[in-house]
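Listed here are the chains, written in short residue letters.
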Amino acid sequence: PPFGDNILFYRGKYYTLSDQRIPYTRDKTEDDRFFILTLFAIAYEINAAGQYAPDRLMNIQLAVGLPPAHYGTQYKRFAQYFLNRGVIGFEFNGRKYSICITEAVCFPQALAATAPVFPLQPLPPSSPLPSRPSAAPAPTADYLSLRYGAADWASCDSLENGVITLYNRLLSKIRADHDLLLEETDIDSILTGCSTEYGSEIQTLVERGAESFVADLFRTLRERKIELRTGKVIFVGGGSLLLRKQIEKSGKVGTAIFVEEIGANASGYGLLYAATKTSR
């Protein structure tokens, strides 16, 4: 087993969390990696709720999500990915868990993250909300328009040029021009102002690269008839928080709302799941 905390044992193998992200995967059902991550999350949730009890089988209801543009073709398969596994036994940090996933419901991310911000139901034209509030969780590259609080599925997509593209672009240029092997966390440190040890030349390169990235993204949205200077624009996700200074400085956004909660989508899934139960 690995050394330290956050160790999960499942089907004869040990797993631990790391700061290395999984490469972009369009279809998350290709292997068990996202299922294993979900087991970590389930264990954390059980403990946070004070519901752990040894030798107790717990029924689990999952609310999960996918990017808006992938949702229509993948939501059934992604929900099924978690089901029909029977009783699932695993250990986490020395504790034994026995669970059964009885329900999995999939929702569109981005829309879910706006649930605490705007009511997600059709509103009358007299509503005080702007007529075209846009949920634009750029630069994670998903966008979805809301009209009177309801999703406009004719105006949504998932652009595969999110903040990972910025990382790769900057790291390659720094490696080529300055012979430095930096990591994504170094880019984060520079953009958030947490460190100045990289030198003014590197800092300027990163900041200008971020400004160029944001400008390119906004031009792409403009080409797709997404107007950011009217209504309210909701930015969701770590990428948008990382580039908040560049977004605000761009002058391309009218009213920007930044959702700072790291689990905004998950919170939204919970709200939407509760709403489906109420409507039944």
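Overview of the structure. (Residues numbered from 1 in each chain as written. Predicted model: local features only at pLDDT ≥ 70, side-chain atom pairs only at ≥ 80, totals over all residues. Heavy atoms only, no water.)

## Some points on the overall build of the chain
Basically, it comes down to this: A run of DSSP states H or I qualifies as a helix once it reaches four residues; a run of E qualifies as a strand once it reaches two. Both are numbered from the N-terminal end. The globule rule used here is 2.2 Å times the number of residues to the 0.38 power, and the radius of gyration it is set against is calculated over C-alpha atoms. Only protein chains enter the accessibility calculation, which uses a 1.4 Å probe; a residue is then buried when its area is under 20% of its type maximum, exposed when over 50%, and partly exposed in between. Shrake-Rupley sampling with a 1.4 Å probe provides the accessible areas, and residues are treated as covered by the protein chains on show and by no other component. Positive charge is attributed to Lys and Arg, negative charge to Asp and Glu, and no charge count is given to His or to the chain ends. By convention, charge coordinates are those of NZ in Lys, CZ in Arg, CG in Asp, or CD in Glu.
Of regular secondary structure, the chain possesses eight helices and ten strands. Here the C-alpha radius of gyration of the chain, 21 Å, is about what a compact globule of 280 residues would show, namely 19 Å. The C-alpha extent of the chain, read off along each of the three principal axes, is 55 × 55 × 30 Å. Here the chain, with 280 residues, has 43% of them falling under the buried criterion. Split by element, the accessible area of the chain, about 15100 Å² in all, is 51% carbon and sulfur. Between the mean site of the 30 positive side-chain charges and the mean site of the 30 negative ones, the chain shows a separation of 8 Å.

## Details of the pairing of strand E5 (residues 95-108)
To keep it simple, the criterion reads: Strands pair, by our definition, only if DSSP identifies at least two bridges between them.
By the bridge criterion, ten bridges tie strand E3 (residues 57-66) to E5 in an arrangement that is parallel. Within the sheet, the bridge partner assigned to glutamine 61 lies in E5 and is glutamate 103. Sheet topology places strand E4 (residues 88-92) next to E5; five bridges connect them, and they run antiparallel. Paired with phenylalanine 92 across the two strands is arginine 95, which belongs to E5. Between the antiparallel neighbours E4 and E5 lie two residues, among them asparagine 93 with a positive phi of about 50 degrees.

## Here we look at the packing of helix H4 (residues 184-191) against helix H5 (residues 200-223)
For clarity, the cut-off: Axes here refer to lines fitted to C-alpha atoms; in helices the fit is confined to the stretch in contact. Angles between the N-to-C directions go from 0 to 180 degrees. Throughout, the term roughly parallel applies to angles under 35 degrees, roughly antiparallel to angles over 145, roughly perpendicular to angles from 65 to 115, and oblique to all others. In what follows, residue pairs with any heavy atoms lying within 4.5 Å of each other are defined as contacts. Side-chain classes are defined by residue name, with Ala, Val, Leu, Ile, Met, Phe, Trp, Tyr, Cys and Pro counting as nonpolar, Asp, Glu, Lys and Arg as charged, and the others, Gly among them, as polar.
Contact pair H4 / H5: the axes reach a minimum separation of 10 Å and the direction vectors enclose 90 degrees. If you check the angle between H4 and H5, you find them roughly perpendicular. For the pair formed by H4 and H5, the contact residues are Ile187, Ile190 and Leu191 on the first element and Ile202, Gln203, Val206, Glu207 and Ala210 on the second. Of the residues assigned to the contact of H4 with H5, the class counts are six nonpolar, one polar and one charged.

## Concerning the sheet that holds strand E2 (residues 13-16)
Taken together, five strands build an open sheet; the order of strands is E2-E1-E4-E5-E3 and the sheet is mixed. Single-partner strands in this sheet number two, and they are E2 and E3. Along the sheet, successive strands turn relative to each other by an average axial angle of 40 degrees, direction set aside. The sheet contacts of helix H1 (residues 33-48) involve strand E1 (7-10), E2, E3, E4 and E5, and relative to E5 the element is tilted by about 110 degrees.

## Thoughts on unusual backbone geometry
A positive phi is found at aspartate 55, a non-glycine position, where the angle reads about 65 degrees. Here aspartate 55 shows up in the loop between H1 and E3. The phi dihedral of asparagine 93 is positive, around 50 degrees, even though this residue is not glycine. Along the chain, the position of asparagine 93 falls in the loop between E4 and E5. Residue class for asparagine 93 comes out partly exposed when judged on its relative accessible area of 41%.

## What about the pattern of salt bridges?
Filter applied, for reference: Whenever a carboxyl oxygen of Asp or Glu lies within 4 Å of a side-chain nitrogen of Lys or Arg, that contact is scored as a salt bridge.
Scanning the entire structure with this criterion turns up twelve salt bridges. A salt bridge links arginine 222 to glutamate 227, with the shortest nitrogen-to-oxygen separation between them at 2.3 Å. Note that arginine 229 and glutamate 227 form a salt bridge whose closest N and O atoms lie 3.3 Å from each other. Beyond isolated ion pairs, a larger network of salt bridges with shared partners links Arg222, Glu227 and Arg229.

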